[in-house]
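If you want the building blocks of each chain, they are given just below.
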Amino acid sequence: MQDIIKSARKLIDKYNSGEPIKIMEVCGSHTMAISRYGLRQILPENIKLISGPGCPVCVTAQNEIDAVISLAGQGITIATFGDLIRVPGNNSSLQEERAKGKDVKVFYSPLDALEYAEANPSKEVVFIGIGFETTIPSVALTIKEAYTKKIKNYSVYCLHKTMPKALEALVINGSDIQGFLLPGHVSAITGSTIYNFLVDKYKIGGVVSGFEAQDILISIIMILKNMENPKIEIQYKRVVREEGNTDAKKLIEEVFEDSDATWRGLGMIEGSGLKIRDLYSEYDAEKKFHIQKPSEQIEINGCRCGDVLMGIISPHQCPLFGKACTPVNPIGPCMVSSEGSCAAYYKYGE
Ligand code: SF4
């Protein structure tokens, strides 16, 4: 490892202009890997890696958490991925609601939630669809399967978000980013061409990176090397192709259509989310249960997750970091999620 770091540092020095450079790692898994390998510490002073909005739990807006909690209060079985249950809403969390007797179940896969619904026809099961293009195909599959098998007690509360418009919002909002470490898992589905607009419109390059220390270091070197003539490139070629996974993209397209979405910290971004197509509307929990999201997005007491997700501050610049807010007693989602920046900084001591 030391040898890899040494040779990487030589190449970084070779392509380093010495000017301040901000590179955003978009994906939560990259944030974790960067912290785990201590990669921030080996970069020259002028090169800053900042964390972005790529943790699905973290970008789920406060009003959406509250809407899910209110759904749990109506006797509905909430089926969700694990991290979401600890995220505090304004007055409670799904974990607290479960302790009070509400039916909140954690599943590792949406297909398990559908299976549970099929085996328990007397229960109304709502799967909370959070996440990016990585998880969206498996949720689409459950909706198609429920439709085919005529399973009537399963639906999805669709809070899915897609990456390109959020990246554009960050760039437009003057975040000063000069390069992106682009997400490996999302890009395995979408391909890399969805990021071409970053170069064409904004002259900002990016590299789709793998998750090992050497993947990330090579990707940083590629970004630095192309700083004058930015490009979108793939470092993670063992998994990602330019065109992505065409079958998975077809499945997403069949079940979902583009929609606006509200992101924690970034607010409403046009076309950055998905909604369930009319053909499958009986599986759309928002329609089925007339879910009204509270209109205002309220942040929890002093939590600055929004600023962390936009790369405006580092987690340790939040006054609550490591004091009132720790993984055992998290105040915001960036400390709850296993992919959250605050959790990564806390765990690895940055
Ligand atoms: Fe929010 Fe806690 Fe992170 Fe501060 S340290 S931004 S309170 S999650």
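Residues numbered from 1 in each chain as written. Predicted model: local features only at pLDDT ≥ 70, side-chain atom pairs only at ≥ 80, totals over all residues. Heavy atoms only, no water.

- As annotated in an unreviewed UniProt entry, the protein carries the name Hydrogenase expression/formation protein HypD and is attributed to Thermoanaerobacterium thermosaccharolyticum.
- UniProt annotates the protein under Sequence similarities (unreviewed entry) with the comment "Belongs to the HypD family." (UniProt positions renumbered as here; feature names shortened; annotations may be inferred.)

### A short note on the pairing of strand β11 (residues 267-276)
- Bridge count for strand β10 (residues 256-263) against β11 is seven bridges, and the pairing is antiparallel. Residue T262 lies in a different strand from β11, and its bridge partner there is M268.
- The turn joining β10 and β11, which pair antiparallel and follow one another in sequence, is formed by three residues; a positive phi near 90 degrees is taken by G265. (Pairing = 2+ DSSP bridges. Helix = DSSP H or I, 4+ residues; strand = E, 2+ residues; numbered from the N terminus.)

### Here we look at the site of the ligand
- Neighbouring the ligand are C303, R304, C305, C318, L320, F321, C325, G332, M335 and C342.
- A breakdown of the residues in the shell around the ligand according to their chemical character gives eight nonpolar, one polar and one charged. (Near = heavy atom within 4 Å. Nonpolar A, V, L, I, M, F, W, Y, C, P; charged D, E, K, R; others polar.)

### Some remarks on the pairing of strand β7 (residues 179-182)
- Going residue by residue along β7, you find G179 and L181 tucked away on one face and F180 and L182 tucked away on the opposite face as well.
- Here three bridges tie strand β1 (residues 21-27) to β7, and the two strands are oriented parallel to one another. Among the inter-strand pairings, E25 is bridged to a residue of β7, identified as L181.
- Relative to strand β8 (residues 205-208), β7 is paired through four bridges, and the arrangement is parallel. By the bridge assignment for β8, G179 is matched with G205. (Buried < 20%, exposed > 50% of the residue type's maximum accessible area, 1.4 Å probe, protein only.)

### As for helix α13 (residues 246-255)
- Turning to α13, its buried residues number three or more, namely A248, L251, I252 and V255. One side of α13 carries all its buried residues, which in axial view fall inside an arc of 100 degrees. What points out from α13, more than 90 degrees from its buried face, is the exposed set K250 and E253.
- The inward-facing, buried residues of α13 abut α8 (136-149), α10 (184-190), β10 and β11.
- The N-cap of α13, judged by a side-chain oxygen 3.1 Å from the amide nitrogen of D247 a few residues on, is N245. (Arc of directions from axis to C-beta. Contact = heavy atoms within 4.5 Å. Polar contact = N/O pair within 3.5 Å; in protein donor to acceptor, adjacent residues only side chain to side chain.)

### Regarding the environment of T246
- Residue placement: T246 occurs in helix α13.
- The class for T246 is partly exposed, based on a relative accessible area of 48%.
- In this structure, the C-alpha to C-alpha distance between T246 and L266, residues 20 residues apart in sequence, is 29 Å.

### Observations concerning unusual backbone geometry
- With phi around 55 degrees, K150 is a residue other than glycine that occupies positive phi space.
- Position of K150 relative to the elements: it lies in the loop between α8 and β6 (154-158).
- Judged by relative accessible area, K150 falls into the exposed class, the value being 60%.
- Non-glycine residue K203 carries a positive phi angle of around 60 degrees.
- Looking at where K203 falls in the secondary structure, it is placed in the loop between α11 (196-202) and β8.

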